[in-house]
Amino acid sequence: MEIIIKNDYDEICSEAYQIVFQEWQRKNNIVLGLATGRTPLGVYAKLINSYKKGEINFSEARAFSLDEYLGLKEDHPQSFAYYMNKNLYRHIDLKKENIHGLQGLPEDIDEHCRQYEALIKSVGGIDVQILGIGSNGHIGFNEPSSSLASRTRAKTLTKETIEANRGYFRDGEEMPCYSLTMGIGTIMEAKTILVLAFGKNKEDAVVNSVEGPITAAVPASVLQLHPDVKIIIDEDAASRLTRKDYYRWVYNNKKGITQIRSVNKPPVL
Ligand code: GLP
């Protein structure tokens, strides 16, 4: 795990944007896995901005949504399909046929989930998966106690998650309590995973995921087993981490490793 502590939200988004951009430079037909929620909005804004400036394009790229509320139509303003379109897709040149999402009202839930998994595999898997984190440590809608090997499926949301997301819905509007989500096993197959978090309400989720034991009680803790995961957070979200100084030291001296490789001599730290 690489823990990257930034000064503010904008820096978090710039770091994540840079990683996506570099991967896109290497592989124009990048396959992105994309989360919703408040957290990734700044990254999407940077991708749009960069596209408008002609620095990046998505003509060969593909995108897969991480999750969706079960029971909401695609054009429901709170559906994740609507969110992705409003906050990213309609501003860039991603081809319609390369935009993939879970349906809120599938005819056959299990079959739909199986097909989603098959589709991800058929394009060679996800290159960069962007994740937020729930304050209870959930990723996607994989709530605590989700199998760490789970695949895309329906999940019942915790009351905590329903409350956390209630603000998006109109007063009195019924909140969905079911979802479809990529499984933890599905997420773990992404080649690179970026977990973004900011604010005090994420400090427990972050410390438990990064420095706690691997447990289904904190779904994001399984990311400790992933070979390429970056946790990009602000000081507030990092506040309970006990090894903050070490994480900063590692990050600030990363270039040293490349120098050893290129000039074959020990770096001066
Ligand atoms: C939601 C979503 C997750 C999201 C998380 C955090 O319930 N299903 O994909 O990452 O909770 O949301 P936010 O970024 O708004 O804090």
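See the structure above.
Residues numbered from 1 in each chain as written. Predicted model: local features only at pLDDT ≥ 70, side-chain atom pairs only at ≥ 80, totals over all residues. Heavy atoms only, no water.

Enquirer: Would you mind going over the packing of helix 1 (residues 9-26) against helix 2 (residues 41-52) with me for this structure?
Expert: The geometry of a pair of packed helices is captured by two quantities: the angle between their axes and the separation between those axes. Closest axis-to-axis distance for the helix 1/helix 2 pair is 8 Å, and the angle between their directions is 55°. Taken together, helix 1 and helix 2 sit at an angle that is classed as oblique. Crossing of helix 1 against helix 2: the hand is right-handed. Along its contact with helix 1, which presents Tyr9, Asp10, Cys13, Ser14, Ala16, Tyr17 and Val20, the element helix 2 presents Leu41, Gly42, Val43, Lys46, Leu47 and Ser50. In the contact of helix 1 with helix 2, the residues fall into 8 nonpolar, 3 polar and 2 charged. (Axes fitted to C-alpha atoms, helices over the stretch in contact; angles between N-to-C directions. Helix = DSSP H or I, 4+ residues; strand = E, 2+ residues; numbered from the N terminus. Parallel < 35°, antiparallel > 145°, perpendicular 65-115°, else oblique. Left-handed = near helix turned anticlockwise from the far one by under 90°. Contact = heavy atoms within 4.5 Å. Nonpolar A, V, L, I, M, F, W, Y, C, P; charged D, E, K, R; others polar.)

Enquirer: I tried to follow the site of the ligand on my own but got confused; where do I start?
Expert: The immediate surroundings of the ligand are formed by 14 residues, with Arg38, Thr39, Asp67, His138 and Lys202 found nearest. Within the side chain of aspartate 67, an N or O atom sits 2.8 Å from a nitrogen atom of the ligand. Between the ligand and the protein, one listed contact pairs an oxygen atom with a side-chain N or O atom of histidine 138 at 3.0 Å. In a pocket analysis with a 2 Å cut-off to the grid points, the ligand is assigned to the largest pocket. (Near = heavy atom within 4 Å. Polar contact = N/O pair within 3.5 Å; in protein donor to acceptor, adjacent residues only side chain to side chain. 1 Å grid on protein atoms, 1.4 Å probe; cavity = no way out; pocket = protein on both sides within 12 Å on 5 of 7 lines; lining within 4 Å. Sits in = over half its atoms within 2 Å of the grid points.)

Enquirer: What is the right way to read empty space enclosed by the protein from this model?
Expert: Where empty space is left becomes clear once a probe the size of a water molecule has been rolled over the atoms. Here the structure, examined in full by the defined rule, presents 1 cavity of 30 Å³ or more. As for the largest cavity, its lining consists of Met1, Ile133, Val195, Val206, Ser209, Val210, Ala220, Leu223 and Ile231. Top element by residues in the lining of the largest cavity is helix 7 (residues 203-211). It accounts for 3 residues. Partitioned by chemical class, the residues of the lining of the largest cavity number 8 nonpolar, 1 polar and no charged. (Points joined across faces, edges and corners; volume = space filled by probe spheres on them.)

Enquirer: Help me understand the pattern of salt bridges in this model?
Expert: Side chains bearing opposite charge may pair, as long as their charged atoms lie close to each other. Taken as a whole, this structure holds 18 salt bridges when the rule is applied. Glutamate 2 is the partner of lysine 254 in a salt bridge, and the nearest nitrogen-oxygen pair spans 2.8 Å. Placement of the pair is lysine 254 in helix 10 (residues 254-263) and glutamate 2 in strand 1 (residues 2-6), with a sequence separation of 252 residues. Here lysine 254 falls in the partly exposed class, since its relative accessible area comes to 34%. Look at glutamate 2 and you get buried, because its relative accessible area is 14%. (Salt bridge = Lys/Arg side-chain N within 4 Å of Asp/Glu carboxyl O. Buried < 20%, exposed > 50% of the residue type's maximum accessible area, 1.4 Å probe, protein only.)

Enquirer: What am I meant to see in the sheet that holds strand 10 (residues 229-234) here?
Expert: Adjacent strands of a sheet form backbone hydrogen bonds with each other and so pair up, either parallel or antiparallel. A sheet is described by the order of its strands in space; here 7 strands give the open sequence 1-10-9-6-2-3-5, paired in parallel fashion. Every other strand in the sheet has two partners, leaving strand 1 and strand 5 (99-100) as the edge strands with one partner each. Of the strand pairs in this sheet, strand 9 (residues 192-197) and strand 10 are connected by 5 bridges, and their pairing is parallel. Note on strand 10: the bridge partner recorded for valine 195 is isoleucine 231. (Pairing = 2+ DSSP bridges.)

Enquirer: It is not clear to me how the packing of aromatic side chains should be interpreted in this structure. Could you clarify?
Expert: Counted according to the given criterion, the structure contains 10 aromatic pairs. Relative to phenylalanine 80, the ring of tyrosine 69 lies with its centre 4.8 Å away and its plane at 45°, an arrangement referred to as tilted. Of this pair, tyrosine 69 sits in strand 4 (residues 67-69) while phenylalanine 80 sits in helix 3 (residues 80-87), and the two are 11 residues apart along the sequence. Neither tyrosine 69 nor phenylalanine 80 differs from the other in exposure class; each is buried. A ring pair is formed by tyrosine 69 and phenylalanine 141, whose centres lie 5.5 Å apart and whose planes are at 45°; its orientation type is tilted. One end of the pair, tyrosine 69, is in strand 4; the other, phenylalanine 141, is in the loop between strand 6 (128-131) and strand 7 (153-156), and 72 residues separate them in sequence. Members of the aromatic cluster, each reached through a chain of ring pairs, are Tyr69, Phe80, Phe141 and Phe169. (Phe/Tyr/Trp six-rings, centres within 6.5 Å; stacked < 30°, edge-to-face > 60°.)

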